[in-house]
Amino acid sequence: MSQLRTLSATEVPSERLLLRRALHDADREGFIELYTDPEVQAYLGGPQPRSDVEQRFDAAIASATSRPGNYVIADNTTNRLVGTLMLTRRSTDGPGYVTEDGEELELGYVLRRSAWGAGFALEAATATLRAAADELPDQPVLLVTQTANKRSLKLAARLGFCPIGTFEEFGAEQTLCTAPLAKFKI
Ligand SMILES: CC(C)(COP(=O)(O)OP(=O)(O)OC[C@H]1O[C@@H](n2cnc3c(N)ncnc32)[C@H](O)[C@@H]1OP(=O)(O)O)[C@@H](O)C(=O)NCCC(=O)NCCS
């Protein structure tokens, strides 16, 4: 079972950011913006209805525990929500895995439009992967992104992920990238 864990830390600090498992009431506006902004959601299935997102936020706030590997990326001086980052296990329901059993660690990230172009996703992902490499045994980490999502592919390359193939999912071509977790150990 140990192979199926993800990072246990409730907080991951970095130079300008604090990644935290806890969702705060003050995250509401930023959380809703992330899922309703057409530009942010362009390669993630499109913007979602505000009422659905509000309900999801209310349910997440009401639940006492946040799911392991799901982080709010906050500015470490203002505590303002900048985005979210996920280091979770990839479901075997769809295509895109590199081991026989699947359920590899998978990295995902979403930043508010106003936070793009400042290196925040790179900083958040690097800090999280370093912390995970300290805690977990070496294993492949996946990153799946629409092939048309050039910003995300640039970030994947900057992080040191290698593209190893493509597949169709959600009506679009996806690029599967991978990197060994141990690569992030310092
Ligand atoms: C994918 C996404 C997170 C990338 O955001 P990003 O800000 O471009 O990514 P990075 O954190 O790597 O920042 C890189 C940019 O910041 C700039 N930058 C500024 N200061 C920097 C610093 N201190 N360190 C590094 N980069 C810096 C870089 O020059 C680069 O700009 P450029 O792309 O114009 O050349 C963002 O576009 C997003 O949230 N998209 C919507 C969600 C999504 O599609 N997610 C993918 C699902 S897996």
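Refer to the structure above for everything that follows.
This text gives an overview of the structure that appears in the document. (Residues numbered from 1 in each chain as written. Predicted model: local features only at pLDDT ≥ 70, side-chain atom pairs only at ≥ 80, totals over all residues. Heavy atoms only, no water.)

Read across the sheet, 8 strands follow the order β1-β2-β3-β4-β5-β6-β8-β7 without closing on themselves; strand pairing throughout is mixed. Two strands in the sheet have a free side with no partner beyond their single neighbour: β1 (11-13) and β7 (162-169). Between one strand axis and the next, the sheet turns by 25 degrees as a mean value, whatever way the strands run. Along the sheet, helix α1 (residues 28-36) makes contact with β4 (81-89) and β5 (105-111), crossing β4 at roughly 70 degrees. Docked against the sheet, helix α3 (residues 120-135) engages β1, β2 (17-20), β3 (70-75), β4, β5 and β6 (140-146), running at close to 35 degrees with respect to β4. (Pairing = 2+ DSSP bridges. Helix = DSSP H or I, 4+ residues; strand = E, 2+ residues; numbered from the N terminus. Axes fitted to C-alpha atoms, helices over the stretch in contact; angles between N-to-C directions. Contact = heavy atoms within 4.5 Å.)

This part takes up unusual backbone geometry. In this model, N79 sits at a positive phi of 70 degrees, which is unusual for a non-glycine residue. Among the structural elements, N79 can be located in the loop between β3 and β4.

Every one of the 20 residues lining the ligand counts as a neighbour, but L111, G117, N149, R151 and R158 are closest to it. At 3.3 Å from an oxygen atom of the ligand is found a main-chain nitrogen or oxygen belonging to A118. Contacts to the ligand include R151, whose side-chain N or O atom sits 2.5 Å from an oxygen atom. Burial of the ligand by the protein chains amounts to 75% of its free accessible area of 960 Å². For the shell around the ligand, the elements supplying multiple residues, two or more each, are β5, α3 and α4 (150-159). If one sorts the elements of the shell around the ligand by residue count, α4 sits on top with 5 residues. (Near = heavy atom within 4 Å. Polar contact = N/O pair within 3.5 Å; in protein donor to acceptor, adjacent residues only side chain to side chain. Areas by Shrake-Rupley, 256 points an atom, 1.4 Å probe, with all protein chains shown as cover.)

Every α-helix winds through 3.6 residues per turn, so residues three or four apart in the chain are directed the same way. Within α4, the full set of buried residues consists of S152, L155, A156 and L159. End-on view of α4: buried residues confined to an arc of 105 degrees, all on one side of the axis. Facing away from the buried surface of α4 by more than 90 degrees, the exposed residues are K150, K154, A157 and R158. Against β5, α3, β6 and β8 (172-180) lie the buried residues of α4. G160, located one to two residues past α4, shows a positive phi value of around 100 degrees. (Buried < 20%, exposed > 50% of the residue type's maximum accessible area, 1.4 Å probe, protein only. Arc of directions from axis to C-beta.)

Right, let's talk about the pattern of salt bridges for a bit. Considering all chains together, one arrives at 11 salt bridges under this definition. A salt bridge links R113 to E39, with the shortest nitrogen-to-oxygen separation between them at 2.9 Å. A residue pair is termed long-range when its members are at least 10 positions apart, and R113 in the loop between β5 and α3 and E39 in the loop between α1 and α2 (50-62) qualify at 74 residues. Judged by its relative accessible area of 30%, R113 falls in the partly exposed class. You can call E39 partly exposed: its relative accessible area is 42%. Here E54 makes a salt bridge to R50, at a shortest N to O gap of 3.0 Å. Of this pair, E54 and R50 are both found in helix α2, 4 residues apart, which corresponds to roughly one turn of the helix. By relative accessible area, which is 25% here, E54 ends up partly exposed. Connected through salt bridges with shared partners, the residues E29, E33 and R112 form a single ionic network. (Salt bridge = Lys/Arg side-chain N within 4 Å of Asp/Glu carboxyl O.)

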